[in-house]
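Close look at the chain arrangement
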Amino acid sequence: MSGGVVLGPDGLARCPWGLEAESMADYRAYHDTEWGVPVRGDDALFERICLEAFQSGLSWLTILRRREGFRAAFAGFSIAEVAAFTAADEERLLADPRIIRNRAKIAAALANARVAAAWGPGELTSLVWSFAPAGGAGRRAPRTAADVPALTPESTALAKELKRRGFRFVGPTTAYALMQACGLVNDHLAGCHVRAGGR
């Protein structure tokens, strides 16, 4: 969609994706309460990295509707627990209908957990947030969805650094989606009630 904000049935203006007809309730809740809210904490960011990778090539709605299944299957996205998963766990995940059963994405999640588990506490959080654009608070609000980039120099650099350190399935577009979702950038459109609320 390339338009600006859209009024919802409750009279509040939202980014157009937050009101997609067939999934309005799911997207609206995510848009209003979670997307763009700053996320810190290694396990919380690990969850988002995993979910963004699983979303690649699919709709975000597919991930939202399976999120609790993902959390159950991946031990609440505890880095330490997922890093200890065995080959038997990988096979279990491949048979779990609550998640996206993609071998490469599952293997990437496990490999990424093993990489992150070797780091010190808070290191993943510090790394991700070190790529937040300087002066992001003063960045001009996008007016339409067409003004929102698919990737940026910062997301390209973040993806490159994560890959250098051993992460998989973290290209520049996935890294930018992570930055949007976790509040490193604010891509709520000008006029969106969430943006107007101070986020």
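Residues numbered from 1 in each chain as written. Predicted model: local features only at pLDDT ≥ 70, side-chain atom pairs only at ≥ 80, totals over all residues. Heavy atoms only, no water.

**Regarding the packing of helix 2 (residues 42–55) against helix 3 (residues 60–73)**
- Contact geometry of helix 2 with helix 3 gives a least axis separation of 10 Å together with a crossing angle of 135°. Between helix 2 and helix 3, the interaxial angle falls into the category oblique. When the axes of helix 2 and helix 3 are compared, the crossing they make is right-handed. Facing helix 2, whose interface residues are E47, R48, L51, E52, F54 and Q55, helix 3 presents W60, I63, R67, F70 and R71.
- Here the contact of helix 2 with helix 3 is composed, by residue class, of five nonpolar, one polar and five charged. (Axes fitted to C-alpha atoms, helices over the stretch in contact; angles between N-to-C directions. Helix = DSSP H or I, 4+ residues; strand = E, 2+ residues; numbered from the N terminus. Parallel < 35°, antiparallel > 145°, perpendicular 65-115°, else oblique. Left-handed = near helix turned anticlockwise from the far one by under 90°. Contact = heavy atoms within 4.5 Å. Nonpolar A, V, L, I, M, F, W, Y, C, P; charged D, E, K, R; others polar.)

**Some thoughts on the packing of helix 2 against helix 6 (residues 103–117)**
- Axis separation between helix 2 and helix 6 bottoms out at 10 Å; the angle between their running directions is 160°. As the angle between them shows, helix 2 and helix 6 are arranged roughly antiparallel. The two elements helix 2 and helix 6 cross, and the hand of that crossing is right-handed. Mapping the contact onto sequence places F46, C50, A53, F54 and Q55 in helix 2 and K105, I106, A109, N112 and A113 in helix 6.
- Its residues placed into classes, the contact of helix 2 with helix 6 shows seven nonpolar, two polar and one charged.

**Focus on the nonpolar core**
- With 51 residues, the main nonpolar core has F70, F74, L124 and F167 as its most contacted residues.
- Among all residues touching L124, those that are not within four sequence positions of it are D42, L45, F46, I49, I79, W119, L162 and F167. (Core = buried A, V, L, I, M, F, W, Y, C linked by side-chain atoms within 4.5 Å. Buried < 20%, exposed > 50% of the residue type's maximum accessible area, 1.4 Å probe, protein only.)

**Quick notes on the domain arrangement of the protein chain**
- For the protein chain, the assigned domains are domain 1 (6–36 + 192–197) and domain 2 (42–131 + 139–182).
- Taking the mean C-alpha position of each, domain 1 and domain 2 sit 23 Å from one another.
- Opposite the nine residues of domain 1 that make contact, domain 2 presents 13 residues.
- The contact between domain 1 and domain 2 buries some 970 Å² in all, and 52% of this surface belongs to carbon and sulfur atoms.
- On the domain 1 side of the interface with domain 2, the three residues burying the most area are Y27, Y30 and E34, jointly 45% of the side's total.
- In this assembly, domain 1 and domain 2 are joined by three salt bridges.
- R65 is the partner of D26 in a salt bridge, and the nearest nitrogen-oxygen pair spans 2.8 Å.
- Here domain 1 and domain 2 share six residue pairs in polar contact (both at pLDDT 80 or more) between them.
- Among the elements that take part in the side of domain 1 that touches domain 2, helix 1 (residues 24–33) stands out by supplying three residues, more than any other.
- Taken together, the residues that form the side of domain 1 that touches domain 2 break down as three nonpolar, two polar and four charged. (Domains from an automatic or database assignment. Buried area = accessible area lost by both parts, 1.4 Å probe. Salt bridge = Lys/Arg side-chain N within 4 Å of Asp/Glu carboxyl O. Polar contact = N/O pair within 3.5 Å; in protein donor to acceptor, adjacent residues only side chain to side chain.)

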